[in-house]
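So the chains spell out like this:
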Amino acid sequence: MHLLAKLSLANRALIALITITVAVFGGISLTSLKQELAPSIQFPQVAIITAYPGATPEVVSQDVSVPIEQAVAGIADLEGTGSTSSTGSSIVTADFAYSVNLAQAEQRVQQAVNRIATQLPDDVEPQVLTGSLDDLPIVQLAVSGGSGDLLERLQVTAVPTLEDLDGVRQVSIAGAPEQRVAVAPDAAALAGAGLTEQAVTDALDANGVLLPGGTITEEGRSLAVQTGARLASVDDIAALPLTGSDLTIGDVASVSLQDAPATALSRVDGEDALTIAVTKTPDANTVEVSNLVADALPGITDALDGATITTVFDQAPYIEQSIETLAVEGLLGLVFAIIVILVFLLSVRSTIVTAISIPTSVLITFIGMQGLGYSLNILTLGALTIAIGRVVDDSIVVIENIKRHLVAGADRAASILTAVREVAGAITASTVTTVVVFLPLAFVSDITGELFRPFALTTSLALLASLIVALTIVPVLAYWFLRAPKGHAHAASAEEAPGRLQRGYLPILRGTLRRPVVTLLAAVVVLGGTVAAVPFMNTNFLGDSGQNTLTLRQQLAPATSLDAASDAAAEVEQALAGVDGVSTVQVTIGGGSSIAAAFGAGGGGDTVQYSVTTDEDADQTALQADVREAVDGLPGDITIGSSSGFGGSSDLEVEISAPTDAELREASDQVLDAVSGLDAVLQASSNLGAAQPYLAVEVDRTAAAELGLSEVAVGGLIGQSLLPREVGTVEIDEQRIDITLVDDAPPATLDELRGLELLPGVPLTDVATVEETTGPTAVTTAGGVRTATVSATPDGADLGAATSEVQEALDGLDLPAGASASLGGVAADQADAFSQLGLAVLVAILIVYIVMVATFRSLLQPLLLLVSVPFAATGAVLLQVVTGIPLGVASLVGVLMLVGIVVTNAIVLIDLVNQYRSRGLPVAEALIEGSIRRLRPILMTALATIFALTPMALGITGHGGFISQPLAVVVIGGLVSSTALTLVVLPVLYSLVVGSRERRAARRAERDGVAAG
């Protein structure tokens, strides 16, 4: 690799031009990178959503969910299925691995559903959906107040304006009352004319349809023939003639345009509101799109005549804040690293030459990120910030060695080339070892791999760029700016004399070499202390992102009416408004997005969802505690969660299965009671819920048959009376509106239902009994087996302790025969991630060993260097215990980095020792000479990295550190302990192992010499 330096020194002007070009293109790449919260992640799940109006959960499960789940169960690459059947709706999910092509998986699911379409109830149309982070809204707005038809004005002004903005994919409005054309037949009028409701249905089916009629060619023109005209108004519908009669629909039925019955309500800060959701295109910049939306809002507000627009959710401020704080911490780290270099080198020129490697390496990385299509997010920017302390290491070693070789009277170019040649192999090996440790991340699956692969590649780009800079640009800059110290000509062949630092280190080194057993025993004691400290570490998964948003879910009693739910929500809204730090409260009562529900965020008719925006500068953890206290004791079961930005849940989940519904409920109640009382759990809830009341109609089949009816016929007549039926569409004012056949006076009470006339003079009670009973609120399955889930929110940052406590509680339960309970949710995610990353660390150690064997051409010496890896854990563990920062996925990625980082100083040291040995020095002298010569660059690189990461580890900006802070703490702690090992323990090990071989060789040579004499 030193040939790069030789080539660069021979073409100094070209290197200068290339450096300027890199700076320009790097700046252009930086400004064009997308700004996102996180890498775009495609959730490996396909959801099949089906509406089945009026059906109970058991009917939905039997008629819809079970057939669909069975149909998709045989799809290739399927990892599991699940379903949730609630009143009127079915959601079936099919889970795949992240590596699966989701578009193909979606197509296979659609084909499977199409194959069983004839087995599903009539008018049931399953919808197949997939989702990713790009499908989530980047901005949500709430519009309230104003005069006139607010929805119409939004559709005319706001929607077109926002959709025309660059990068906007879709603008949707939620919370608006839907309209329908209601056709209510008059039973008496129909009977008087000798007609039935079927005549009205036939008239609607036979009209308002456009039919192709072929073409007519005449006078050189071909004209298409079209028959029919669309229905365009209520009057058109009322004027439709009834077949076989001189009457029209309007003569035997009332026809009116009306609001459909409300199934959901939306409010913002206590006022009725409509919600506008803006989603972006996958290639758009989140921050730019958000800013364009914000710029458009004043004009939209003016056009809405007094309406108020409130921003409920906006990703951009948090993204900008996170990027800004990471950039600030990175710049502070850069300053600290430069100060360290200046203190050690005591040369402004040398410091400037070394420091140039940092921005140059980062700019090269930006070019690589642009080429790979990566965005600037908290993972990739965190990688760059972490890398700032490391990218300067190669340049430090090179410039320090150049400075040592630049003595008075020596040829400058030759001295620089000699210095670079001496360390080129070592820095190349050390950089390669730091990069290759990330290779195992390619095989880490699930969200951990999806999030940290861009992190790994970004770090690798920065480190490889730093190596190229150290071998090309740094030698050229050293040639131009560094000067040899003044001295005499006879010093030309000498190296820079050891300084005060080296002279202070020498007694320590000699003392440990004289007492190797004591030194190694002390090292073993340190390792034992490390193992003893491990239980004192807290653990988590990904940690809390610290976003200024949180969600609440209020589960009310089954069958709660919309008005009653609204009253209950008003109490919670009032309580939230009184919490200091709460800025905006948006509430959705009932209904909810089917897409959100499919991916775990939806609500049902008994559910109230709250989206709370808080003060950006507030302590989000303390604020959540205040919110929890404020809503304590209010109606319903209220659970609180924060937004992580990665689409995952932070709750522990206990998956329960049992052979029967009664045993499932009993087991669920036992688990919920056991988990709710734990100190480590803040809140717990079950998705099984209370039993839902419903009216059961039990038909007397014999009595019905005597009247010419069947069980199905009775059910159909009841459905005609209670369930509106869609019988067509009409286009009014360019809007497609459903035409619905309704009963002019449907039963409104239990007594009216019992008195419903099935035939003239035949009430329902003559052929059936109608009684109130109860059934499940929802039917959930996993792999076709009935299940329930108990969710528990851990108290505090120690997920591991909460998991252990919950598992212990589960082990102590006496569940019904055949029932089982297993821990899942974030606990399973954590266990899986820790297992995979632990394996990745072991594989990384093996890869590093292979690289070092190739470097040193020895199987033994790399083993000595690898001893530094367990000692790196000493500092990492102790610093995490002291700071209280939990061990999570980010920390384990830091451990993975440490495997490569901690051996770099050992490589630099042992490489020089080997060079001295090749010149004929014995092991002891080579160790002393190599150690004191490498002391300064080892301390410089370690301290530069440590101080560069210190602002991030301290979290001095207070934002955006939930990924980078634990990673920085691990690297700092590991570097401190591993540096001490490299300078003290490693020479002792080398002396014992390699020195003993040298002594044996010397004794054999002496014996051979005596024998020869």
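No experiment lies behind these values; they were computed from the predicted model shown.

Caption draft 1: Representation of the overall build of the protein in the model. Each helix and strand in the protein was counted, giving 32 helices and 28 strands. Counting only C-alpha atoms and orienting by the principal axes, one finds that the protein spans roughly 135 × 80 × 60 Å. Of all 1013 residues assigned to the protein, the portion counted as buried reaches 49%. When contacts within the protein are restricted to residue pairs at least 6 apart in sequence, those whose partners lie at least 24 apart make up 81%. Accessible area of the protein: about 44,600 Å², with a carbon and sulfur share of 57%. When the 46 basic and 106 acidic side-chain charges of the protein are each reduced to a single mean position, those positions are 33 Å apart.

Caption draft 2: Expanded view of unusual backbone geometry. With a phi angle near 50 degrees, Glu 219 is a residue other than glycine that sits in the positive phi range. With respect to the secondary-structure elements, Glu 219 resides in the loop between β8 (211–218) and β9 (221–227). On the basis of relative accessible area, Glu 219 is assigned to the exposed category, the value being 71%. If you check the backbone angles, Arg 857 has positive phi at about 55 degrees while not being a glycine. Overall, the relative accessible area of 75% leaves Arg 857 in the exposed class.

Caption draft 3: Representation of the packing of aromatic side chains. Across all of its chains, the model carries one aromatic pair by this definition. Centre to centre, the rings of Phe 452 and Phe 455 are 5.9 Å apart; their planes meet at 70 degrees, and the pair counts as edge-to-face. Taken together, the residues span about one helical turn, with Phe 452 and Phe 455 both in helix α16 (residues 446–481) at a distance of three residues. Each of the two residues, Phe 452 as well as Phe 455, counts as buried. Taking NZ or CZ as reference, Arg 412 lies 4.7 Å from the ring centre of Tyr 479, over its face.

Caption draft 4: Just the sheet that holds strand β21 (residues 725–732), in detail. In space, the four strands of this open sheet follow the order β10-β7-β22-β21, with mixed pairing throughout. Here the strands that pair on one side only, and so sit at the sheet edges, are β10 (253–259) and β21. Within this sheet the neighbouring strands show an average axis-to-axis angle of 25 degrees, counted without direction. Sheet topology places strand β7 (residues 179–185) next to strand β22 (residues 735–741); four bridges connect them, and they run parallel. Following the sheet pairing, Ala 182 is matched in β22 by Thr 740.

Caption draft 5: Highlighting the pattern of salt bridges. This model, assessed by the stated rule, comprises eight salt bridges. A salt bridge links Arg 267 to Glu 573; the shortest N-O distance between them is 2.6 Å. Here Arg 267, found in strand β11 (residues 265–268), pairs with Glu 573, found in helix α19 (residues 562–577); they are 306 residues apart in sequence, far enough to count as distant. Glu 573 matches Arg 267 in its accessibility class, with the two residues each being buried. With a shortest N-O distance of 3.8 Å, Asp 751 and Arg 754 are connected by a salt bridge. Of the two residues, Asp 751 and Arg 754 are both situated in helix α25 (residues 750–754); the distance of three residues between them amounts to about one turn of the helix. One salt-bridge network, held together by shared partners, links Asp 751, Arg 754 and Glu 771.

Caption draft 6: Examining the pairing of strand β1 (residues 42–51) more closely. Of all 10 residues that make up β1, eight are buried, and the element is covered over most of its length. Bridge analysis of β1 against strand β3 (residues 89–96) gives seven bridges, and the strand direction is antiparallel. In the sheet register, Ala 47 faces β3, and the bridge partner there is Thr 93.

Caption draft 7: Representation of the nonpolar core. If you look at the biggest cluster of nonpolar residues, it comprises 182 residues, and the most contacted ones within it are Ile 402, Phe 452, Phe 455, Val 806 and Leu 865. The element that contributes the greatest number of residues to this core is helix α30 (residues 889–918), accounting for 19 residues. Excluding residues that lie within four positions of it along the chain, Leu 865 makes contacts with Met 852, Phe 856, Val 903, Ala 906, Ile 907, Ile 910 and Leu 986. Counting residues in each nonpolar core, the second largest holds 25 residues, with Val 139, Leu 154, Val 159 and Leu 165 among its members.

Caption draft 8: How the structure looks around α19. Between its first and last C-alpha, α19 extends 22 Å over 16 residues, near the 22 Å set by a 1.5 Å rise per residue. Taken together, the buried positions of α19 are occupied by Ala 565, Ser 566, Ala 568, Ala 569, Val 572, Glu 573, Ala 575 and Leu 576.

Caption draft 9: View of the side chain of Thr 157. Relative to the assigned elements, Thr 157 resides in helix α5 (residues 150–163). Discounting residues that sit within four places of it in the chain, Thr 157 has contacts with Ala 303 and Leu 304.

Caption draft 10: Summary view of a nonpolar patch on the surface. A contiguous nonpolar surface patch, about 460 Å² in accessible area, is contributed by Ile 20, Val 24, Phe 25, Ile 28 and Ile 367. It is helix α2 (residues 12–32) that contributes the most residues to the nonpolar patch, four residues altogether. When you line up the elements, Phe 25 lands in helix α2. Classification of Phe 25 as partly exposed rests on a relative accessible area of 49%.

Caption draft 11: Quick look at a positive patch on the surface. There is a patch of like positive charges on the surface, built from Arg 997, Arg 999, Arg 1000, Arg 1003, Arg 1004 and Arg 1007. For Arg 997, a relative accessible area of 45% translates into the label partly exposed.

Caption draft 12: Fine view of the packing of helix α13 (residues 357–372) against helix α14 (residues 378–405). One way to put it is that α13 packs onto α14 with a least axis distance of 9 Å and a crossing angle of 135 degrees. Here α14 runs oblique to α13, going by the angle between their axes. The two elements α13 and α14 meet at a crossing, and its hand is right-handed. Side by side, α13 and α14 meet where Ser 357, Ile 358, Ser 361, Val 362, Thr 365, Phe 366 and Met 369 of the first sit next to Thr 380, Leu 384, Ile 388, Val 391, Val 392 and Ser 395 of the second.

Caption draft 13: Examining a negative patch on the surface more closely. A cluster of acidic residues, Asp 580, Asp 615, Glu 616, Asp 617, Asp 626, Glu 629 and Asp 632, forms a negative patch at the surface. With respect to the element layout, Glu 616 can be found in the loop between β16 (607–614) and α21 (620–631).

Caption draft 14: Just the pairing of strand β15 (residues 582–589), in detail. With six of its eight residues buried, β15 lies for the most part within the structure. In the sheet, β11 pairs with β15 via four bridges, with the strands oriented antiparallel. Bridging from a neighbouring strand, Arg 267 pairs with Val 587 of β15. When β15 meets β16, the two strands line up antiparallel, connected through seven bridges. Along β16, the bridge assignment pairs Val 587 with Tyr 610.

Caption draft 15: A look at the confidence of the model for the protein. Averaged over all residues, the pLDDT of the protein equals 82, while 93% of them reach at least 70. The secondary-structure element of the protein with the lowest mean pLDDT is helix α20 (residues 594–598), recorded at 45, while α2 shows the highest, at 90. Below a pLDDT of 50 lies the segment residues 488–494, which in the model reaches eight contacts outside its immediate sequence neighbourhood of four places, other chains included. Below pLDDT 50 for its whole length, residues 593–603 participates in 24 contacts with residues either more than four positions away or in separate chains.

About the cut-offs
Residues numbered from 1 in each chain as written. Predicted model: local features only at pLDDT ≥ 70, side-chain atom pairs only at ≥ 80, totals over all residues. Heavy atoms only, no water. Helix = DSSP H or I, 4+ residues; strand = E, 2+ residues; numbered from the N terminus. Buried < 20%, exposed > 50% of the residue type's maximum accessible area, 1.4 Å probe, protein only. Contact = heavy atoms within 4.5 Å. Areas by Shrake-Rupley, 256 points an atom, 1.4 Å probe, with all protein chains shown as cover. Lys, Arg positive; Asp, Glu negative; His and termini not counted. Charge placed at Lys NZ, Arg CZ, Asp CG, Glu CD. Phe/Tyr/Trp six-rings, centres within 6.5 Å; stacked < 30°, edge-to-face > 60°. Lys NZ or Arg CZ within 6 Å of the ring centre and 35° of its normal. Pairing = 2+ DSSP bridges. Axes fitted to C-alpha atoms, helices over the stretch in contact; angles between N-to-C directions. Salt bridge = Lys/Arg side-chain N within 4 Å of Asp/Glu carboxyl O. Core = buried A, V, L, I, M, F, W, Y, C linked by side-chain atoms within 4.5 Å. Expected span 1.5 Å × (residues − 1). Patch = residues over 30% accessible without salt bridge, like charges linked within 9 Å, V, L, I, M, F, W, Y side chains within 5 Å. Parallel < 35°, antiparallel > 145°, perpendicular 65-115°, else oblique. Left-handed = near helix turned anticlockwise from the far one by under 90°. pLDDT = per-residue confidence, 0-100.

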